[in-house]
Amino acid sequence: MLSKVILQAHIDKVETYFDRADKVVIVTHVSPDGDALGSSLGLYHFLSVHGKTVNVIVPNAFPDFLRWMPGAKDIIRYDKYAEFADKLIAEADVICCLDFNALSRIDRMADAVRDAQGRKVMIDHHLNPEPFCRVTISHPEISSTSELIFRLICRLGCFDDITLEGAECIYTGMMTDTGGFTYNSNNREIYFIISELLSKGIDKDDIYRKVFNTYSEGRLRLMGYVLYEKMQVYPQFRAALICLSKEEQGKFRYVKGDTEGFVNIPLQMKGICFSVFLREDTEKDMIKVSLRSVGAFPCNQVAAEFFNGGGHLNASGGEFYGTMDEAVDLFKQALVKYESLLLKN
Ligand code: 5GP
Ligand code: MN
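Residues numbered from 1 in each chain as written. Chains lettered and ligands numbered in written order. Predicted model: local features only at pLDDT ≥ 70, side-chain atom pairs only at ≥ 80, totals over all residues. Heavy atoms only, no water.

The buried fraction of strand E4 (residues 94-98) amounts to five of the five residues, a majority that puts the element mostly inside the structure. Side chains of E4 alternate between two faces, with Val 94, Cys 96 and Leu 98 and Ile 95 and Cys 97 buried alike. Taken together, the five bridges between strand E1 (residues 23-28) and E4 define a ladder with parallel strand orientation. When the bridges of E4 are listed, Val 24 appears paired with Val 94. By the bridge criterion, five bridges tie E4 to strand E5 (residues 119-124) in an arrangement that is parallel. Each bridged residue has a counterpart across the sheet, and for Cys 96 the counterpart in E5 is Val 121. The parallel pair E4 and E5 is bridged by helix H4 (residues 110-115), and the resulting crossover is right-handed. (Buried < 20%, exposed > 50% of the residue type's maximum accessible area, 1.4 Å probe, protein only. Helix = DSSP H or I, 4+ residues; strand = E, 2+ residues; numbered from the N terminus. Pairing = 2+ DSSP bridges. Right-handed = clockwise from strand over helix to strand, strands pointing away.)

Following this line, the structure appears as structure tokens:
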């Protein structure tokens, strides 16, 4: 049995909203990851079974290794079809905001969502949700938004309406946001949920292969290059840094998603508890910052203080507008400022 987690008052409201709705729009954060898409498509399949007209809209492209997800082909990209998406958002009875906590996380879609008249529901697991939704279901203690979607559907009394496709999406999100159940994954109820998803017929081993073992040759060679040539280790701070320029990405024929997970690799070294990856973005004129930590070291504080970002205690990100040298300088300042916390961890 699962504990309740989501407040009954929130379940009641969402139930009423869904009952009264014909058109539902689901939106998620920029550069959607496995959990963003898993939760969005999990809810999409569920509401579709219930006869709703459902559209999933994302700000921009998502990685190739998530393209197989059932329903992914129907996702609308805002960067390609803004006008069409604006109309859907404006006409929606309910707008579900999944896996993000602030309008700034949906980039150019923010205005349309803010101005829309439909009832807005946030379902998310990031700290400090901003108050732009009528119902805010925010549970940072839960390791993925996809898990929250499973819990929501069950609490609506609709476990039987989860299809195989929906179960595959939910599992994918739970798996990716926990690194294949290697972090944030000690809650035993996660494994009860997996068992329930298996009862729908999912092939969890196949999903793992499709997500984690379908990379291009370019990605593996880039990984080799990055680890051999680019990784800087700061053992005195128990930290590591990887920087990657646009030019270097070009050399390895970078496609979106190719550097996914690189930031985690330095944490495999004994004694390293903080890792940062700085990548010149290929879409926007900025440096995308990814931060990871192990234990109690709060990389989200560093993200917020130095890189206009935020996120979870052990996995966060941000954006930097400036040169790579300036970004590296900031990283070094962060090491000095956080030295005692880094060494205590
Ligand atoms: P990633 O390093 O995989 O891009 O992001 C890891 C986590 O950091 C995300 O799940 C999200 O919580 C957070 N994050 C990433 N980029 C940003 C950002 O630009 N701003 C904020 N506030 N959080 C971010
Ligand atoms: Mn998530």
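Moving on, there is more to tell.
What follows covers the sheet that holds E1. Read from one edge of the open sheet, six strands run E3-E2-E1-E4-E5-E6, paired in parallel fashion. Edge positions in the sheet fall to strand E3 (76-77) and strand E6 (135-138), since each of these pairs with one other strand and no more. Pairing of E5 with E6, which is carried by four bridges, proceeds in the parallel orientation. Looking at the pairing, Ile 123 lines up with Ile 137 of E6. Together, E4, E5 and E6 form the strand contacts of helix H1 (residues 8-20), whose direction differs from that of E6 by roughly 125°. (Contact = heavy atoms within 4.5 Å. Axes fitted to C-alpha atoms, helices over the stretch in contact; angles between N-to-C directions.)

Turning next to the site of ligand 1. In the region of ligand 1, 14 residues are neighbours, and His 126, Lys 288, Ser 290, Arg 292 and Ser 316 sit closest. Within the side chain of Lys 288, one N or O atom sits 2.8 Å away from a nitrogen atom of ligand 1. The contact in question runs from a nitrogen atom of ligand 1 to an N or O atom on the backbone of Gly 310, over 3.2 Å. Those elements that provide at least two residues to the shell around ligand 1 are strand E10 (287-293), strand E11 (310-311) and strand E12 (315-320). Each residue belonging to the shell around ligand 1 can be placed in one class, and the counts come to one nonpolar, nine polar and four charged. (Near = heavy atom within 4 Å. Polar contact = N/O pair within 3.5 Å; in protein donor to acceptor, adjacent residues only side chain to side chain. Nonpolar A, V, L, I, M, F, W, Y, C, P; charged D, E, K, R; others polar.)

Next up on the list: the side chain of Ser 185. Tracing the sequence through the fold places Ser 185 in the loop between helix H6 (164-176) and helix H7 (188-198). Residue classification places Ser 185 among the buried positions, given a relative accessible area of 7%. Non-local contacts of Ser 185, meaning those with residues more than four positions away in its chain, are made with Thr 178, Ile 190 and Tyr 191.

All chains considered together, the criterion is met by 18 salt bridges. As a salt-bridge pair, Arg 114 and Asp 115 come within 4.0 Å of each other at their nearest N and O atoms. When its relative accessible area of 46% is taken as the criterion, Arg 114 is described as partly exposed. Residue classification places Asp 115 among the exposed residues on the basis of a relative accessible area of 53%. Among the charged side chains, a salt-bridge network with shared partners connects Lys 23, Lys 87 and Glu 91. (Salt bridge = Lys/Arg side-chain N within 4 Å of Asp/Glu carboxyl O.)

Let's shift gears to the packing of aromatic side chains. For the coordinates displayed, the defined rule picks out 13 aromatic pairs. Between Phe 100 and Phe 132, the ring centres sit 6.1 Å apart and the planes meet at 20°, which makes this aromatic pair stacked. Pair noted here: Phe 100 is in the loop between E4 and H4 and Phe 132 is in the loop between E5 and E6, with a separation of 32 residues, a long-range link. We note that Phe 100, like Phe 132, is buried. (Phe/Tyr/Trp six-rings, centres within 6.5 Å; stacked < 30°, edge-to-face > 60°.)

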